[in-house]
Amino acid sequence: MLYYLFKYLDEAYNLPGAGLFQYITFRSGIAVILSLLISTIYGKRIINYLRNKQVGETVRELGLDGQVQKAGTPTMGGIIIILATLVPVLLLAKLDNIYIILLLVTTIWMGSIGFLDDYIKVFKKDKEGLKGKFKVIGQIGLGIIVGVTLYFHPNVTIKEDVVLKKQGIETVIKSTSPEVKSMETTIPFVKNNTFDYAEVLSFMGDDYQNWAWLIFIPVVIFIITAVSNGANLTDGIDGLAAGTSAISVLVLGIFTFVSGNIIFSNYLNIMYIPNSGEMTIYIAAFVGALIGFLWYNTYPATVFMGDTGSLTIGGIIAVIAIAVRKELMIPVLCGIFLAENFSVVLQVAYFKYTKKKFGEGRRIFLMSPLHHHYQKKGYHESKIVTRFWIVAIILAIFSLVSLKLR
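A short tour of the structure in this document, coming up. Note that the structure is a prediction, hence the values are computed from the model and not measured. (Residues numbered from 1 in each chain as written. Predicted model: local features only at pLDDT ≥ 70, side-chain atom pairs only at ≥ 80, totals over all residues. Heavy atoms only, no water.)

With that out of the way, let us pick up the packing of helix H2 (residues 24-52) against helix H3 (residues 78-92). Across the interface, H2 lies against H3 with an axial gap of 8 Å and an inter-helix angle of 145°. For the pair H2 and H3, the sense of crossing is right-handed. Along its contact with H2, which presents Arg 27, Ile 30, Ala 31, Leu 34, Ser 35, Ile 38, Ser 39, Gly 43, Ile 46 and Ile 47, the element H3 presents Ile 80, Leu 83, Ala 84, Val 87, Pro 88, Leu 91 and Leu 92. Looking at the contact of H2 with H3 residue by residue, the class counts come to 13 nonpolar, three polar and one charged. (Axes fitted to C-alpha atoms, helices over the stretch in contact; angles between N-to-C directions. Helix = DSSP H or I, 4+ residues; strand = E, 2+ residues; numbered from the N terminus. Left-handed = near helix turned anticlockwise from the far one by under 90°. Contact = heavy atoms within 4.5 Å. Nonpolar A, V, L, I, M, F, W, Y, C, P; charged D, E, K, R; others polar.)

Among the surface-exposed residues, Phe 189, Ile 390, Ile 393, Ile 394, Ile 397, Phe 398, Val 401 and Leu 405 lie close enough to one another that they form a single nonpolar patch of about 700 Å² accessible area. Within the secondary structure layout, Phe 398 lies in helix H14 (residues 381-401). (Patch = residues over 30% accessible without salt bridge, like charges linked within 9 Å, V, L, I, M, F, W, Y side chains within 5 Å. Areas by Shrake-Rupley, 256 points an atom, 1.4 Å probe, with all protein chains shown as cover. Salt bridge = Lys/Arg side-chain N within 4 Å of Asp/Glu carboxyl O.)

Another point: H2. For H2, which comprises 29 residues, the first-to-last C-alpha distance of 40 Å matches the rise-based estimate of 42 Å (1.5 Å per residue) to within 8%. The largest bend along H2 reaches roughly 40° and is located at Gly 43. All of the buried residues along H2 are Arg 27, Ser 28, Ala 31, Ser 35, Ile 38, Ser 39, Gly 43, Ile 46, Ile 47 and Leu 50. Taken from the residues just after H2, Gln 54 is the one with a positive phi, measuring 55°. (Expected span 1.5 Å × (residues − 1). Bend = angle between axes of the 7 residues up to and from the residue. Buried < 20%, exposed > 50% of the residue type's maximum accessible area, 1.4 Å probe, protein only.)

Here is the structure:
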């Protein structure tokens with residue numbers, strides 16, 4: 001909204017300083033400051049409101065140190081993250097940008113699923129919350145919306161050939177190819193680093209590219225479901241999900257900025273995606289919201305994000321990665337989520353296998369998800385969280401290096 005107001009003031013009255021709102025970097029800076037202020041200042045008020053309404057966490061007895069003391073801690077804190085993200089975005093972003101629209105839909109959609117799950121746990125006193133199948137249906141629904149939009153919307157395009165030249169001290173655009181619809185994505189750490197989903201169907205004949213959606217949309221559904229579940233599983237100890245997510249999202253912000261800038265994308269020899277740079281403002285607000293939330297969520301936490309926050313975080317990360325054509329980077333960039341997911345899958349599969357073969361179920365980990373395994377080994381949760389953050393930073397650096405290392 002402010003973007004359109006200052007754009008009008010700049011064009012109509014040439015108001016000094018109004019032109020700054022045309023710059024993504026300026027609006028991103030304002031967005032991160034505003035989201036930090038909202039999440040830290042108003043976050044406290046939201047926490048007090050949740051406490052007064054007795055919206056407390058119901059803790060299952062798992063035999064973990066410090067677990068009982070967390071009972072009654074306000075949950076649904078994901079509301080803080082959502083509000084601190086949406087307000088700056090609505091004020092500062094181009095609301096007619098298709099990528100911003102998709103991220104707004106994702107935030108509200110996944111936030112609603114998570115809120116319903118938390119509501120059932122808290123007010124219906126059902127520790128299981130929303131049935132798993134309904135969560136999956138919701139994730140699939142979002143995957144279909146995102147996949148169909150990215151595949152069919154006319155404004156989701158790339159430019160394949162951009163030629164720049166030096167003109168004095170400035171770099172100017174000499175020529176560009178037309179914007180084209182393409183299902184190409186980026187393969188990290190390889191020289192010829194593009195992959196077209198349509199190529200999977202090349203055996204279907206000359207018009208195989210018209211059927212690329214048969215591959216692309218299921219891939220989008222899988223990624224959104226996997227990443228949102230991974231974020232949900234990671235949200236098990238104070239500060240873990242919010243901290244690791246902030247690191248991953250910050251890297252995605254760099255990807256969106258350079259992919260949406262014709263000069264930087266050409267210099268780095270990466271795919272130029274018109275209009276995608278606007279997502280940088282959304283990411284800046286999101287990072288600010290996560291860091292502000294950490295103020296209250298670090299050990300000992302005064303609020304938990306609940307599924308309201310964790311499912312939303314996972315959905316947003318997945319959609320940004322897909323939109324900026326970096327979804328194949330997710331196993332590296334979101335390695336913590338991947339490890340948490342696999343620890344549960346391996347634990348359950350091995351338990352069922354050994355029970356069938358030996359008559360009793362055996363375990364690989366002392367407890368899954370993975371962070372609980374280290375808790376069972378006697379590590380304090382602050383040490384676990386800090387070390388997981390360090391691993392997330394290392395993975396983030398590897399992801400950034402992919403811009404040039406091929």
